[in-house]
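Observations on the model geometry
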Amino acid sequence: MKTHNRRLDIALALGLAAFVLLPWYRIDGGFFGFGWLSAFPEEPAAAPGLLQIASFGKWWLILPALAMMVAAAARLIHDPARRGSFLAWTGAGGIAVLALQGLAIGFSGWNWTISEALFGALADGQPSMGAGAVLAALVFVLLFAFGLAERGVMKGDAFVVSAISMLVFLVAVFVFYPVGSMLVGAFQDFDGSFNPEGFTRNIMDPSIWSLDCVVGGGRCGIAWRTFWLAVMTAGGSTILGLAFALVATRTGFRYKRSLRLLTVLPIITPPFVVGLALTLLFGRSGVITEALSTLIGVEPGRWLYGLTGIWIAQVLSFTPISFLVLIGVVEGVSPSMEEASQTLRADRWRTFWRISLPLMKPGLANAFLIGFIESMADFGNPLVLGGSHGVLSTEIFFAVVGSQNDPSRAAVLAIILLCFTLTAFLAQRFWLSGKSFATVTGKGDSGSHAALPRTVSIAVHALVIPWALFTLVVYGMILVGGFVKTWGLDNSLTLTHYVKAFSVEFRDGGIAWTGVAWNSFWTTMEIALISAPLTAAVGLLTAYLIVRQRFAGRELFEFALMMSFAIPGTVIGISYIMAFNLPPLEMTGSALILVACFVFRNMPVGVRGGVAAMSQLDRSLDEASLTLRADSFRTIRKIILPLLRPAITAALVYSFVRAITSISAVIFLVSAEYNMATAYIVGLVENGEYGVAIAYSSMLIVVMISVIAGFQLVVGERRLRRENRVQAVARAPAPLPQEKTA
């Protein structure tokens, strides 16, 4: 009872601070700048919630304040069941009234005509929610969770219930609310009023759905062009990824270690750098183009700038991801099954086609899905190589920032893109549901994998070796391009690009960062280092809840979290702009919106890695800790986390790398104050400063490798004590001889 009262008292104290000690509305200069302290609490912009009600006419805040006061009255109820119900209903009501008043009232008054008809016009509106309102909302979520815990939900474990409630609340705010705002925005006019004409006009636009490429020899619409490109990219990257995995695991290829090293490069490379390298090779002034023109008189063409160039760049970029997905699947196929097939007189080709390949279906489906979604969401390569062949991601961008300035068109294109990716996501889950592909059991599995059929071995080597050499050439061009003065015109070596981007001077006894890239570089490092631990923490906590806890809606909860992976970054970017550019939550132009985007965009990878790692930990470890009267939080901190170090490292590395290399969502969310590296490099490319862009990208690659090594060093490796029982007995001292007495 004392524990229950203590946590309730802490929550109520935080609720009181939200209404009395913090500014209720958003501070223009930023809350953590603390410039608001000089105006607190007298000025309307910095006044707390209670003064907003009493002195500045914000009467609608009475309801959340009353909800907090009613929750405080629960302290007087001694029956746990009654108090739990009281707290749960009060917390849910507080969240509801906060959300409703925030959505209904904007800067100038009512946002909804029905509200104005019921309550009359408002003399004044309200700005976006600030620190006080956000803290009050979090307190209401905690009160709701504490109430459920006292009602006996999850065996009364307040930490588990609070974690589930908080994750559901955050996912609703940062995933479903933005996507819902985007859907609503498709039916709104510039002033926010309901106008379905924009949706009807854009959804029926022939430039989106035209099939002239099939029936008339013309150009396909944007939607079908993007779809077929995604299918070809997913197919190409999956086939090449499978070929790499087979060569690395089923052949005697001498350079297997080098193949694995090649998989790291595209993952830590900004997404549009491959497009730049292809331009340096095959562009009108490229090395190969000029060589062919000189040797055999081939006229330089523009074949690279279109779907062909985008497809090559995307397959180069996404094949390593497919390889990483498939290599574990290929290694996991049971050798005993292949040996059984050959024992029954099946040849190597029949064994591979009927046994090995079907058992790889989950990996193939996942690799295809990842390639499809990555191609749909890819923004950098189409921007560099697309030319007049735009895809959905680039068309969404130009609909927002280009001369069109048509938010409704951007929303419609984003909805189409989202429908494609979610359809692929659901189709993959449906195809694999109800089927078992288990080949690794608790029993020993001796034997060796069957050799590849000769034709398959020749085919995979014929694919892998040329593609690996081509990849090395492409990345060689990335390194060389930063040291060439003007590619195609003046190929003399120089350090000018690096000096321009990263020059440093000593002035007045201090260091002056005079390079043009330093501002975006430090901003990128700061945001990436903040978002990476948050992403890992949220993802691993979610994995713990999914694997170790049983609660109603667990499957729906897991599916909703994983669905955010299927939402392309371009859709995330446009939905965040539409959701967080106006009250009740205004975050555009701030670092917070970038951190939130990275955390909830990359969280599914941390979830899947945590689920895979936690599934290997026996439940008896948790049960022993709980039996010794440790609560769930202490069990996680002392037992689970030390055994999850590989998953923690993977989540940290992935989230850090994606925060640096992401472009599809970031391009919509950056501002003059918070400009990320990838957005800055895109600006360099648009201005034709290829040398500086490649120099900046090379620096990012070096930094990412260094930070990844640092993460590995800080997190460390998990230590599992395994001791051979026979050896332990052998090392034990022999028993002393006993004297025999008559």
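Above this text sits the structure in question.
The sections below set out a description of the structure shown in this document. (Residues numbered from 1 in each chain as written. Predicted model: local features only at pLDDT ≥ 70, side-chain atom pairs only at ≥ 80, totals over all residues. Heavy atoms only, no water.)

Per the secondary structure count, the protein includes 35 helices and four strands. A buried classification covers 50% of the 742 residues belonging to the protein. Considering only intrachain contacts with a sequence separation of at least 6, the fraction spanning at least 24 residues in the protein is 73%. Accessible surface computed for the protein: about 36,100 Å², of which carbon and sulfur atoms make up 64%. (Helix = DSSP H or I, 4+ residues; strand = E, 2+ residues; numbered from the N terminus. Buried < 20%, exposed > 50% of the residue type's maximum accessible area, 1.4 Å probe, protein only. Contact = heavy atoms within 4.5 Å. Areas by Shrake-Rupley, 256 points an atom, 1.4 Å probe, with all protein chains shown as cover.)

With 31 residues, helix α25 (residues 518-548) ought to run about 45 Å at 1.5 Å a step, and its terminal C-alpha atoms sit 45 Å apart, in line with that. Of all 31 residues in α25, 22 are buried, a share of seventy percent or more. (Expected span 1.5 Å × (residues − 1).)

Now for the packing of aromatic side chains. One pass over the full model with this rule turns up 37 aromatic pairs. Where F502 meets W518, the ring centres are 5.2 Å apart and the plane angle is 80°; that geometry is what we call edge-to-face. On the criterion of sequence distance, the pair formed by F502 in helix α24 (residues 496-502) and W518 in helix α25 is long-range, its members being 16 residues apart. In this pair, the class of F502 matches that of W518, namely buried. With a centroid separation of 5.4 Å and 80° between ring planes, the pair formed by F502 and Y696 is classed as edge-to-face. One end of the pair, F502, is in helix α24; the other, Y696, is in helix α34 (residues 690-715), and 194 residues separate them in sequence. What makes Y696 buried here is its relative accessible area of 0%. Within the aromatic cluster, the residues linked to one another by ring pairs are F502, W513, W518, F521, W522, Y680 and Y696. Stacked on the ring of F146, the Lys or Arg R7 has its end atom at 5.5 Å from the ring centre. (Phe/Tyr/Trp six-rings, centres within 6.5 Å; stacked < 30°, edge-to-face > 60°. Lys NZ or Arg CZ within 6 Å of the ring centre and 35° of its normal.)

If the charged atoms of two oppositely charged side chains come close together, the side chains can form a pair. Taken as a whole and judged by the stated rule, the model has six salt bridges. Where K58 meets D124, a salt bridge forms, and the shortest distance between an N and an O atom there is 3.8 Å. Pair noted here: K58 is in the loop between α2 (49-54) and α3 (62-73) and D124 is in the loop between α5 (113-119) and α6 (131-150), with a separation of 66 residues, a long-range link. Taking the relative accessible area as the measure of exposure, K58 reaches 7% and is therefore buried. Accessibility expressed as a relative area gives 46% for D124, which makes it partly exposed. (Salt bridge = Lys/Arg side-chain N within 4 Å of Asp/Glu carboxyl O.)

Mapping L644 onto the fold places it in the loop between α30 (632-643) and α31 (645-661). When the C-alpha positions of L644 and M614 are compared, they lie 7.2 Å apart, and in sequence the two are 30 residues distant.

Let us now look at the packing of helix α18 (residues 348-359) against helix α19 (residues 361-377). Between two packed helices, both the angle of their axes relative to each other and the distance between the axes serve to describe the pair. For the pair α18 and α19, interaxial distance at closest approach is 5 Å and the crossing angle is 55°. One finds that α18 runs oblique with respect to α19. Contacts from L357, P358 and L359 in α18 reach K361, P362 and L364 in α19. Grouping the constituent residues of the contact of α18 with α19 by class yields five nonpolar, no polar and one charged. (Axes fitted to C-alpha atoms, helices over the stretch in contact; angles between N-to-C directions. Parallel < 35°, antiparallel > 145°, perpendicular 65-115°, else oblique. Nonpolar A, V, L, I, M, F, W, Y, C, P; charged D, E, K, R; others polar.)

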